[in-house]
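Fold and contact review
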Amino acid sequence: MSLTERTADQTQRVTPAAFRRVLVVDDDPLHRELSRRALEREGLAVEVAESAEEALARLREQHFDAVVSDYKLPGMTGLELLQRLGRPPAAPPLVLVTALGDQRVAAEALKAGAQEYVVKDVPALGYLEMLPTLIQEAIRRSELLRENARLREQLQQSSPDGLLVGRSAAIRRVLALIEEVAPVDSTVLITGESGTGKELVARAIHRRSPRASGPFVVANCAALPESLLESELFGHEAGAFTGARAARKGRFERANGGTLFLDELGDIPPKAQVDLLRVLQEREFERVGGTQTIRVDVRIIAATNRDLQQLVREGKFREDLYYRVNVIPIHLPPLRERPEDIAPLAYHFLRRFARRFNKPIEGFTARAMEVLTAYAWPGNVRELENLIERVVVLCRADRIDVEDLPSHLWRKSKTMPLETVDNLELVEKLTIERVVRTSSTVAEAARRLGISRTTLYAKMRKYGLDTTLLKHSS
Ligand SMILES: Nc1ncnc2c1ncn2[C@@H]1O[C@H](COP(=O)(O)OP(=O)(O)OP(=O)(O)O)[C@@H](O)[C@H]1O
Ligand SMILES: [Mg+2]
């Protein structure tokens, strides 16, 4: 049985400019702050790091759309950071800031894949004005490269990406249910926490149904204010409200002959619940501002991460609507309740991103897999997918090891007592982290660890640990 879907790529959302995240790496607090302000003024979200080592640790933890790094840094230089990162589309684009007159570094940086370099013209600081534009353009170019890589990958693939992966009893049950419900037209209600694969299941049902050649239309009930949602779902006639110059078909009409996926149904406002109930009962409705009754042939699949029964009890969701949609329930348990799916999913994503970014990574070490399996995954499969992407980008070995994983993963992993850790550096990092967390000042932590403060600072930098970990910052 193969359930094939392209969901992952189709649902990839383009991040609006305002939410682009940039990491600024500079050991000089003044320049760090000035760069931050210059970028934030242009609507970019900025985080900072004081060293290349800290930057690498942060890049492992979170996604960034671009990196701006000073060349001269304590320890690893900006150029080394760039070499460590690699070039787009695998890595986020990096803009290197060099000192005046350092042509050699600039040339080397461009050769190593830097998107741009700017000269730190102290004291005039004109470079700060150029920075936002340079970064926006670097991000745009790198997104084009990514899109290209994705399309190329789709062309090369004999079997399309995105099958429903997993070997837990829960996933096997869901696969069996999909087979069963796909051929009939009954309404399906998919429940599960965010990122558990609800949309993937909805698309799988559609693709295996007699409506497969018809449209699959997504309507997100939470994304719009009440007044707009109505016209989004049912369409409107010209002049129905201010701004409605031409008549427009709603999602129901556009889904005619196919499937309508009502996403985030639990967040649908009360008035829209009434309208929806009528369509579900009679398959007919009027456009906003219209008098003509429109009939459609649509299969409904709804999804929500809320507890609808609870919402019914609280009077926030109509009981009659609940019974109308809850014809065939499919529940996707959170990943932490089906840990046996973690390894197959991790390998699935590893293969996908290794291929996409052209990285010769074969797998995970046993210890890394242990950590992945023990983690609770509050963001479920989506969190795992995003994490593997970041890890693949940064990993230089042919196997992903514990050190390649973000530290919050093994910090939270309860099943990894220190005794089982057989890597000295990891033991050191974990110990320092634990002591720093439970000390009030750096001096106290250094005393407890039996090392000097300077050494402690150096080690914390090496492991990308933050002094804000201190119980009370000193
Ligand atoms: N069993 C699975 N096998 C392969 N990929 C999966 C699986 N489950 C989820 N995914 C992938 O994880 C990501 C999140 O899945 P999806 O968008 O379907 O979740 P969702 O439940 O709709 O989340 P949300 O409530 O946040 O919208 C997608 O990229 C999807 O392809
Ligand atoms: Mg979804």
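This text follows the structure it describes.
**Some remarks on the site of ligand 1**
- In the vicinity of ligand 1, 21 residues are found, and the nearest of them are S194, G197, K198, E199 and V381.
- Listed by contribution, the elements that provide at least two residues to the shell around ligand 1 are α1 (7-10), α8 (198-207), α14 (342-356) and α16 (380-394).
- By residue class, the composition of the shell around ligand 1 is 6 nonpolar, 11 polar and 4 charged.

**Brief notes about the packing of α14 against helix α15 (residues 366-374)**
- Their axes nearest at 9 Å, the elements α14 and α15 cross at an angle of 115 degrees. Crossing of α14 over α15 shows right-handed handedness. Every residue of α15 that contacts α14 at I342, A343 and A346 is listed here: M369, L372 and T373.
- The class makeup of the residues in the contact of α14 with α15 is 5 nonpolar, 1 polar and no charged.

**Here's the deal with the nonpolar core**
- One finds I190, V201, F252, L260, L262, I301 and A302 to be the most contacted residues of the largest nonpolar core, which totals 39 residues.
- The element contributing the most residues to this core is α8, with 5 residues.

**With respect to the sheet that holds strand β8 (residues 259-263)**
- Pairing is parallel in the open sheet, where 5 strands are placed in the order β7-β8-β11-β6-β12. Both edges of this open sheet fall to β7 (216-220) and β12 (328-332), since each of them pairs with a single strand only. Between one strand and the next, the sheet's axes are offset by a mean angle of 20 degrees, whatever the strand orientation.
- Pairing analysis gives 5 bridges linking strand β6 (residues 188-192) to β12, with the strands arranged parallel.

**Remarks on unusual backbone geometry**
- Going from P88 to P89, the amide bond is cis rather than trans, its omega being 10 degrees.
- Here P89 is to be found in the loop between α4 (78-85) and β4 (94-99).
- For N358, which is not glycine, the phi torsion reads 60 degrees and is therefore positive.
- Within the secondary structure, N358 is located in the loop between α14 and β13 (363-364).

**Some remarks on the sheet that holds strand β2 (residues 45-49)**
- Spatial ordering of the open sheet is given by β2-β1-β3-β4-β5, a layout of 5 strands whose pairing is parallel. Looking at strand neighbours, the two that pair on one side only are β2 and β5 (116-120), the edges of this open sheet. Neighbour-to-neighbour, the strand axes of the sheet open up by a mean angle of 20 degrees, direction not taken into account.
- Of the strands in this sheet, β1 (21-25), β2 and β3 (66-70) touch helix α2 (residues 29-41), which is tilted by about 165 degrees from β2.
- Here helix α3 (residues 52-61) sits on the sheet and contacts β1, β2 and β3; the angle it forms with β1, its principal contact strand, is near 160 degrees.

Rules used in this analysis
- Positions within a chain are numbered from 1, following the residues in the order the chain's sequence is written.
- As a convention, the first chain written is A and the first ligand written is 1, with the rest following in written order.
- Local features in this predicted model are restricted to residues of pLDDT 70 or higher, and side-chain atom pairs are both shown and tallied only at a pLDDT of 80 or more, whereas totals for entire chains, interfaces and linings draw on every residue.
- Only the C-beta atom matters for nearness: placed from the backbone, it must lie within 6 Å of the molecule or strand for the residue to count as near.
- Every helix listed is a DSSP run of H or I at least four residues long, and every strand listed is a run of E at least two residues long, numbered separately from the N terminus.
- When residues are sorted by character, Ala, Val, Leu, Ile, Met, Phe, Trp, Tyr, Cys and Pro go into the nonpolar class, Asp, Glu, Lys and Arg into the charged class, and all the rest, Gly among them, into the polar class.
- To get an axis, a line is fitted to the C-alpha atoms, and for a helix only the part in contact is used. The angle between two axes follows their N-to-C directions and goes from 0 to 180 degrees.
- Handedness of a crossing follows from how the near helix is turned relative to the far one, being left-handed for an anticlockwise turn of less than a right angle and right-handed for a clockwise one.
- Any residue pair is listed as a contact if its two C-beta atoms, each placed from the backbone, are within 7 Å.
- Here a nonpolar core is just a set of buried residues of the types Ala, Val, Leu, Ile, Met, Phe, Trp, Tyr and Cys, joined wherever their C-beta atoms sit within 7 Å.
- Whether a residue is buried, exposed or partly exposed is read from the other C-beta atoms within 10 Å of its own C-beta, which are placed from the backbone; 20 or more gives buried, 12 or fewer gives exposed, and intermediate counts give partly exposed.
- At least two bridges found by DSSP between two strands are what make those strands a pair.

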